[in-house]
Each structure stands twice: as C-alpha cells, then as structure tokens.
Amino acid sequence: LKLTGVSLGSTGDPVPTTTLHIRSDQPLWAVLRWQAEQPIDLDLKTSMLLIDQHGNVAGQFDGLLTGDGYPVERVWQTGEAASSYHILTPLAAIPPGDYTLALKVYEDATQRVYPTHLPDGETGDLAPIASVVVAAPSAPVGVTPQVALADRPLGDNLQLLGYDLPRSSLGPGDRLPLTLYW
C-alpha cells in the first residue's frame, strides 16, 4: 500500500495550507490518497497522531481504510486508488508549540502495524506527514477528566482530581497514554 497524496487543513481554514497552524481547541482535517501495490484482501486501519516534541500523543484518530468499492468489493486490486478522510481533534488543553502529524497503517484483526519506509531509507511504525504549529485556544478551555476522583489529597496543596485513559486496550510494547488532572 502506498500513500500517494496528502491534503491538510483546519476547520478554521476554508482551504488547505502548506504550513498547518491550528488553535489547540480546533480540529484539523486530512485527505489521504492511497494506491494498492498488490491485492489487499483484509481490513486495514489508519491511525493519525498529533505528537509533541517529546513523543507524547496530543491527539489521535483511528479509522477503517477501504478501497473506493467498499463495502461491495472488499478486495483492493493492484493499482486501485482510494481516498480516506480524517478529522483529528487535539486533546483538551494541550500546550502551544510545535507538533508532528504522523500516520501508521495496521491490520484491523491482528493490530499488526505495517512498516513505513521513510525518505532517509529507514523504516519505522510512524510516518511523519506534516508539521503542525499549535497556538493557544480561542477561549479558555474547561477540562473534565473521564474518571473524576473525590477527596484524593496528596499533601497540603496538591489534589488528584481525575484521569483519562484514551485507549482501552494495549498490545505488547504499546505506550499507555495517561492524563492526570491535578
């Protein structure tokens, strides 16, 4: 499977831009164009991730990757092209700064990640597809943890209010993103 084109923009921009600037409370969109280099007869998924300079995930969208004939024709034929559409919303209250928008492809049934061939000749799980500059939100963001905790003081001036676990399952070697609310 080959990625042949990428168009990116934000919900605040009416047209795609070459340098993607978003506010932390603003989703971004991507249209990815694909071509099958051999027949594909299994369901694939893509994972689009917004990653900070330390490798932390600041937003993620996973979706089914299908040929244009799906669901009538499930097998991609050699040379068949298709497009996938994605909207990624950054996690609430991420700090302003420079981020990388990256992509990985994996099998839906087994979760096996396909290796990515990078421009420098290396291979990896993630393919960077764009740099994203994130600015402060347009209005103050109220954040609410997925799991709220009551009366969890940790000393005189510190209290754990709750946490988020955005992933419900992990495979061997996977990272567990955890957000703590203090």
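Please refer to the structure higher up on the page.
Residues numbered from 1 in each chain as written. Predicted model: local features only at pLDDT ≥ 70, side-chain atom pairs only at ≥ 80, totals over all residues. Heavy atoms only, no water.

**Q** Which residues make up the overall build of the protein chain, and what values go with them?
**A** From N to C terminus, the protein chain includes 0 helices and 13 strands. When its C-alpha atoms are laid out on the principal axes, the protein chain stretches across 65 × 40 × 35 Å. A burial count over the protein chain gives 29% of its 182 residues as buried. Expressed as a percentage of contacts within the protein chain between residues at least 6 apart in sequence, the contacts between residues at least 24 apart total 59%. Carbon together with sulfur atoms contributes 53% to the accessible area of the protein chain, which is approximately 11,100 Å² in total. Side chains of the protein chain give 10 positive and 20 negative charges; the mean places of these two sets differ by 1 Å. (Helix = DSSP H or I, 4+ residues; strand = E, 2+ residues; numbered from the N terminus. Buried < 20%, exposed > 50% of the residue type's maximum accessible area, 1.4 Å probe, protein only. Contact = heavy atoms within 4.5 Å. Areas by Shrake-Rupley, 256 points an atom, 1.4 Å probe, with all protein chains shown as cover. Lys, Arg positive; Asp, Glu negative; His and termini not counted. Charge placed at Lys NZ, Arg CZ, Asp CG, Glu CD.)

**Q** Please give an account of the sheet that holds strand 13 (residues 179–181) that cites residues and values.
**A** If you walk across this open sheet you meet the 3 strands as 11-12-13, and the pairing is antiparallel. Looking along the sheet, the strands with just one partner apiece sit at the ends: strand 11 (147–148) and strand 13. Bridge analysis of strand 12 (residues 162–164) against strand 13 gives 3 bridges, and the strand direction is antiparallel. Counterpart to G162 in the pairing with strand 13 is Y181. (Pairing = 2+ DSSP bridges.)

**Q** Requested: an account of empty space enclosed by the protein, with residues and values cited.
**A** Here the structure, examined in full by the defined rule, presents 1 cavity of 30 Å³ or more. Empty space within the largest cavity amounts to approximately 40 Å³. As for the largest cavity, its lining consists of I40, L42, D43, L44, L65, T66, R74 and W76. Classifying every residue of the lining of the largest cavity by side-chain character gives 5 nonpolar, 1 polar and 2 charged. (1 Å grid on protein atoms, 1.4 Å probe; cavity = no way out; pocket = protein on both sides within 12 Å on 5 of 7 lines; lining within 4 Å. Points joined across faces, edges and corners; volume = space filled by probe spheres on them. Nonpolar A, V, L, I, M, F, W, Y, C, P; charged D, E, K, R; others polar.)

**Q** An account of the pattern of salt bridges is requested, with residue identities and associated values reported.
**A** If you walk through the whole model with that rule in mind, you get 3 salt bridges. Among the ionic pairs, K45 bridges to D108, the shortest N-O distance being 3.6 Å. Separated by 63 residues along the polypeptide, K45 in strand 4 (residues 44–51) and D108 in the loop between strand 7 (97–107) and strand 8 (116–117) bring together distant segments of the chain. Residue classification places K45 among the partly exposed residues on the basis of a relative accessible area of 24%. Note on D108: relative accessible area 27%, which makes it partly exposed. Close ionic contact of R112 with E107 constitutes a salt bridge, the shortest N to O distance being 2.9 Å. A residue is classified by how much of its surface remains accessible, and R112, at 44% relative accessible area, is partly exposed. (Salt bridge = Lys/Arg side-chain N within 4 Å of Asp/Glu carboxyl O.)

**Q** Would you mind going over the layout of surface pockets in detail, with residue names and values included?
**A** In this model, the largest pocket occupies a volume close to 1,400 Å³. In terms of lining residues, the largest pocket is bounded by 47 residues, among which L49, V57, Q60, R167 and P177 are the most central. When residues of the lining of the largest pocket are traced back to their parent elements, those giving at least two are strand 4, strand 5 (57–65), strand 7 and strand 13. Of the pockets and cavities examined, the second largest pocket occupies roughly 450 Å³. The wall of the second largest pocket is formed by 17 residues, among which L1, L3, P115, T116 and H117 lie closest to the centre. Where the lining of the second largest pocket is concerned, the elements lending two or more residues are strand 1 (2–10), strand 7, strand 8 and strand 10 (127–135). Tallied by class, residues from the lining of the second largest pocket come to 12 nonpolar, 2 polar and 3 charged.

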